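This is what each chain is made of:
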Amino acid sequence: MATVTNTGTVDAGGLYERSGQLGALDGSLKEVKRHARGRVLLVQGEAGVGKTALLQRFCGDLGPRIRVLWAACDPLFTPRPLGPLLDIARATGGELDERVERGDKPHDVADALIRELEGSLPTVLVLEDLHWADAATLDVARLVARRVDEATVLFVASFRDEELGPTHPLRIILGELPRDETVERLDLSGLSAEAVAALAAAKGVDPVELYHRTSGNPFFVTEALAAGTEEVPHTVRDAVLARASRLSPPARALLDAAATVPERAELWLLEALVGGTVGDIGECLSSGMLVADGDRIGFRHELALLAIEAALTPDRRRDLHRSALETLTEREGLAPDLARLAHHAEAAGDTKAVLRLAPAAAEHARSVGARREALHQYERALRFAAAVAPEERAELLERYADEAYVVDMREEAIGALDEAVAIRKAAGDVISQGEDLILRTRTIACIEHGDSIVGLIEEAIEVLEQAPPGGALARAYGLRAGDAAARDRPDDALAWGTKAINVAESAGDVQALVYSLNTVGCAELILGAAGGAEKLERSIALAKEHDLPVEAGRGYLNLVAVLGETRREWATVQADLDAGIVYCRERGLEAWLDCLVGSRVEAELHAGRWVDATETATSLLAGRRPTLVLEPKFAGLVVLALVRARRGDPDVWPLLDEASELIGEASELQLVG
């Protein structure tokens, strides 16, 4: 993967020190047209460094025979699933528009987008600010990037590299991109002292002081010069506000209104927010604070938006968000954007609207595999749920815990379930109390498998046996079987699992049946009994048929664990491993995905694919968020150490020492061994 950095000094057309990047963009597009095969360019740099200006200049110079599709991710408190793709879909129409509007799964949206890009006309596809993207949009971007050679397209994605900490999901996506000539990085850094001096000369500003205070950040430099001051505070707030202070009161009111809309604002929305026409918009545009994009208006720089919004008084900010919520809700013919509405409802402090919109937005996010965004929406609802009825709060806590479980925020899930159990117990709701005890125990069991787990499971069984046998009791029996299997007690697992299957079938509870088939299948495989693999495969098929992604992910995980990690039948299980990784990634099952990637690195080592094993292990160590599930990072450390040892490379023991420290007081025999 090549990297292009700053070259040149002053380019024609107002861009400074960007000739190298413009040349790389132009060269990549020529390669796309010459070979009729797509390429990916990743434009990275800090906020205000000029990523948008570079791409606008490049696209603006393209002729009519090049199609440009451009969209940007929104800086919402919680991103709207597939939000940026709405703009592209509206521009293309057809199948892509239909799939995005319906909120189809990411892989289906990606398929439609690839088909749209397969036309004879070369396309430049720009996706800005990918660091703000929701999980579903990231999945689409990843799938398109991996299949880019199927279309005549230059796929350009920009992002802020300084915001990609070790827990950021985009870092994982970047680590999985092909390491060949189809992917190139364009690295934008600040301007040199010479470029800053050239800009400062016409304003009579001390270039040395300006460079010292801005570090060459183009936004800081231009905002300071436009405001007529050498001073650029750390947040650039004063420079932005000095520039805004020159506007007339009506234009400043329009600027304030635009600052409360995270994405580009529609003209009709701005008219509603300012209580009249937007006749003063020309003053905002000519000042350079705002820019027009078709019938939408937005800030030229996101940092300016933040500065203006921060300057609003609390009551003014609340009133603007309240007006935005009312206008967007009442607009006829406008499909409701639940994430956007929930954002304005929270900022307006509208408790009823938040409790109505945030859970709905969460369900939509969950339906397209954006599980982390669903989690954040439930967090939003819970912040406003202090005074709701206990049963309603318990339901929100349970949904939040479900999402926290699948994205590996286990401690948060346990805390939520503790509160939910107390509510259900106080209400005398035996079934719901037992269900919550099952969820709580299941969550804890993913972290440890000590003797305390048995006590928690027995508590759930004791509560549920007070009611007639049903699916909840079957799940409790299945959990008991799962604990026995995890602690290498296959005979107990088989006995409890068979009991769970019988109760689940009698109750007609598919979820409990799937869980129990999975557990019994594991036990039978460990014991060498016939039919174990078939039960596991049946559990996966049933889970998929009845839309139970968590259970399907668990099925893949256990099938790979027993056949691959325990019995070393990696060749037999390779197809299921690959299918499981794709399935879990598309549905936002982050914890399951981490574990399956941990299994993949072992499969690659077993097959002698040392280069692949090294790359996968490195991604497990450097590109993954902190997790309570130890296996993925542990596998990465051990496999990387083994590859280095077999090659005769140095630094083997530090990896094994770290693996030993990671395990600590783990009670699972397979990890300690």
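Right above here is the structure, for reference.
The rules behind the values
Residues numbered from 1 in each chain as written. Predicted model: local features only at pLDDT ≥ 70, side-chain atom pairs only at ≥ 80, totals over all residues. Heavy atoms only, no water. Helix = DSSP H or I, 4+ residues; strand = E, 2+ residues; numbered from the N terminus. Buried < 20%, exposed > 50% of the residue type's maximum accessible area, 1.4 Å probe, protein only. Contact = heavy atoms within 4.5 Å. Areas by Shrake-Rupley, 256 points an atom, 1.4 Å probe, with all protein chains shown as cover. Lys, Arg positive; Asp, Glu negative; His and termini not counted. Charge placed at Lys NZ, Arg CZ, Asp CG, Glu CD. Pairing = 2+ DSSP bridges. Core = buried A, V, L, I, M, F, W, Y, C linked by side-chain atoms within 4.5 Å. Salt bridge = Lys/Arg side-chain N within 4 Å of Asp/Glu carboxyl O. Phe/Tyr/Trp six-rings, centres within 6.5 Å; stacked < 30°, edge-to-face > 60°. Lys NZ or Arg CZ within 6 Å of the ring centre and 35° of its normal. Axes fitted to C-alpha atoms, helices over the stretch in contact; angles between N-to-C directions. Left-handed = near helix turned anticlockwise from the far one by under 90°. Nonpolar A, V, L, I, M, F, W, Y, C, P; charged D, E, K, R; others polar. Expected span 1.5 Å × (residues − 1). Disulfide = S-S within 2.5 Å. Patch = residues over 30% accessible without salt bridge, like charges linked within 9 Å, V, L, I, M, F, W, Y side chains within 5 Å. Arc of directions from axis to C-beta. Parallel < 35°, antiparallel > 145°, perpendicular 65-115°, else oblique.

Engineer: Describe the overall build of the chain, and please don't skip the residues or the numbers.
Structural biologist: Counting its regular elements, the chain contains 34 helices and nine strands. Counting over 673 residues, the chain shows a buried share of 55%. For the chain, the share of sequence-separated contacts (at least 6 apart) that also reach a separation of at least 24 residues comes to 64%. Of the accessible surface of the chain, which amounts to about 27,600 Å², a share of 51% is contributed by carbon and sulfur atoms. Treating the 73 positive side-chain charges of the chain as one cloud and the 110 negative ones as another, the clouds have centres 3 Å apart.

Engineer: Quick rundown of the sheet that holds strand β7 (residues 265–266)? Include the residues and the values.
Structural biologist: Strand order in the open sheet made by the three strands is β7-β9-β8, with antiparallel pairing throughout. The sheet is open, and its two edges are formed by β7 and β8 (290–293), each paired on a single side. Here β8 pairs with strand β9 (residues 296–299) via four bridges, running antiparallel. Looking at β9, one finds that A292 is bridged to I297.

Engineer: Outline the nonpolar core, supporting the account with residue identities and numerical values.
Structural biologist: Residues L130, F155, F299 and I308 are the most contacted members of the largest nonpolar core, which totals 187 residues. For L130, the residues in contact, after removing those within four places along its chain, are C73, L138, A157, S158, F159 and L170. Judged by nonpolar contacts, the second largest core, of 21 residues, contains V32, L54, C59 and V124.

Engineer: Residue-level account of the side chain of D74, with values.
Structural biologist: Tracing the sequence through the fold places D74 in the loop between β3 (67–72) and α3 (83–92). Residue classification places D74 among the buried residues on the basis of a relative accessible area of 9%. Setting aside residues no more than four positions away along its own chain, D74 makes contact with R80, W132 and E263.

Engineer: Tell me what's going on with the pattern of salt bridges, and back it up with residues and numbers.
Structural biologist: By the definition in use, this model includes 39 salt bridges. Where R90 meets D87, a salt bridge forms, and the shortest distance between an N and an O atom there is 3.5 Å. With R90 and D87 both in helix α3 and three residues apart, the pair spans about one turn of that helix. Where E602 meets R568, a salt bridge forms, and the shortest distance between an N and an O atom there is 3.6 Å. Residue E602 is found in helix α30 (residues 590–606), and its partner R568 is found in the loop between α28 (549–566) and α29 (570–586); the two are separated by 34 residues along the sequence. Of the residues examined, R568 reaches a relative accessible area of 44% and is grouped as partly exposed.

Engineer: Let's hear about the packing of aromatic side chains: which residues, and what values?
Structural biologist: The geometry of an aromatic ring pair is captured by two quantities: the separation of the ring centres and the angle between the planes. The tally for this structure, following the rule as stated, stands at three aromatic pairs. Ring centres of Y556 and Y583 lie 5.9 Å apart, and the angle between their planes is 50 degrees; this geometry places the pair in the tilted category. With Y556 in helix α28 and Y583 in helix α29, this residue pair connects regions lying 27 residues apart in the sequence. When sorted by exposure, Y556 lands in the same class as Y583, which is buried. Positioned above the aromatic ring of Y405 is the side chain of R442, whose terminal nitrogen or guanidinium carbon lies 3.7 Å from the ring centre.

Engineer: Run through unusual backbone geometry, naming residues and quoting values.
Structural biologist: Of note in this structure, A36 is not a glycine but carries a positive phi near 55 degrees. By secondary structure assignment, the location of A36 is in the loop between α1 (19–35) and β2 (39–44).

Engineer: Before we move on, could you go through the environment of E379 and cite the residues and values that matter?
Structural biologist: Here E379 shows up in helix α19 (residues 371–383). A relative accessible area of 22% means that E379 is categorised as partly exposed. In sequence terms E379 and A362 are 17 residues apart; their C-alpha atoms lie 9.7 Å from each other. Apart from the residues lying within four places of it in its own chain, the contact partners of E379 are Y400 and M409.

Engineer: Could you give me a rundown of the packing of helix α12 (residues 249–259) against helix α13 (residues 267–274), with the residues and numbers involved?
Structural biologist: Remark: α12 packs on α13, axes separated minimally by 9 Å, with the N-to-C direction vectors making an angle of 115 degrees. Crossing geometry of α12 relative to α13 is assigned as right-handed. Contacts from A253, L254, A257 and A258 in α12 reach L270, L273 and V274 in α13. Residues belonging to the contact of α12 with α13 are distributed by class as follows: seven nonpolar, no polar and no charged.

Engineer: Account for helix α22 (residues 430–445), with residues named and values stated.
Structural biologist: Note that an α-helix has 3.6 residues per turn; residues three or four places apart therefore point the same way. The terminal C-alpha atoms of α22, which comprises 16 residues, lie 22 Å apart, in line with the 22 Å expected from a rise of 1.5 Å per residue. Burial within α22 is extensive, with 13 of its 16 residues counted as buried.

Engineer: Can you lay out the state of the cysteines for me, pointing to particular residues and giving the numbers?
Structural biologist: With the rule as written, the count across this model stands at zero disulfides. As a non-bridged cysteine, C73 has C59 as the owner of its nearest cysteine sulfur, 16 Å distant.

Engineer: Can you break down a negative patch on the surface residue by residue, with the values?
Structural biologist: Together, E458, E459, E462 and E465 give the surface a local cluster of negative charge. Considering the arrangement of structural elements, one finds E462 in helix α23 (residues 451–464). The exposure class of E462 is exposed, given its relative accessible area of 58%.

Engineer: Any chance you could break down α13 for me, citing the residues and the numbers?
Structural biologist: Where α13 is concerned, the buried positions are L269, L270 and L273. Down the axis of α13, the buried set is contained in an arc of 100 degrees. They therefore lie on one face. Contact partners of the buried residues in α13: α12, β7, β9, α16 (314–330) and α17 (338–348). G275 sits one or two residues past α13 and shows a positive phi near 75 degrees.

Engineer: Give me the lowdown on the packing of helix α18 (residues 351–367) against α19, citing residues and values where you can.
Structural biologist: The contact between α18 and α19 brings their axes to 8 Å, and the two run at 165 degrees. Judged on the interaxial angle alone, α19 and α18 are roughly antiparallel. The two elements α18 and α19 cross, and the hand of that crossing is left-handed. Here V354, L355, A358, P359, A361, A362, E363, A365 and R366 of α18 come into contact with α19, specifically with R371, E373, A374, Q377, Y378, R380 and A381. Broken down by class, the residue content of the contact of α18 with α19 amounts to ten nonpolar, one polar and five charged.

Engineer: Tell me about the environment of A389, and please be specific about residues and values.
Structural biologist: Mapped onto the fold, A389 is located in the loop between α19 and α20 (390–406). Sequence-wise, A389 and L312 are 77 residues apart; in three dimensions their C-alpha atoms are separated by 34 Å.

Engineer: Which residues make up the pairing of strand β4 (residues 123–128), and what values go with them?
Structural biologist: Of all six residues in β4, six are buried; the element is thus mostly enclosed. Burial along β4 is two-sided: the face carrying T123, L125 and L127 and the face carrying V124, V126 and E128 are both buried. Where β3 meets β4, six bridges bridge the pair, whose relative direction is parallel. Across the sheet, L69 pairs through a bridge with L125, a residue of β4.

Engineer: Describe in detail the side chain of E128, supporting the description with residues and values.
Structural biologist: Relative to the elements of secondary structure, E128 occurs in strand β4. Put simply, E128 is tucked away with no salt bridge, and the nearest opposite charge, on R264, sits 5.7 Å away. Discounting residues that sit within four places of it in the chain, E128 has contacts with T52, W70, A71, A72, C73 and S158.

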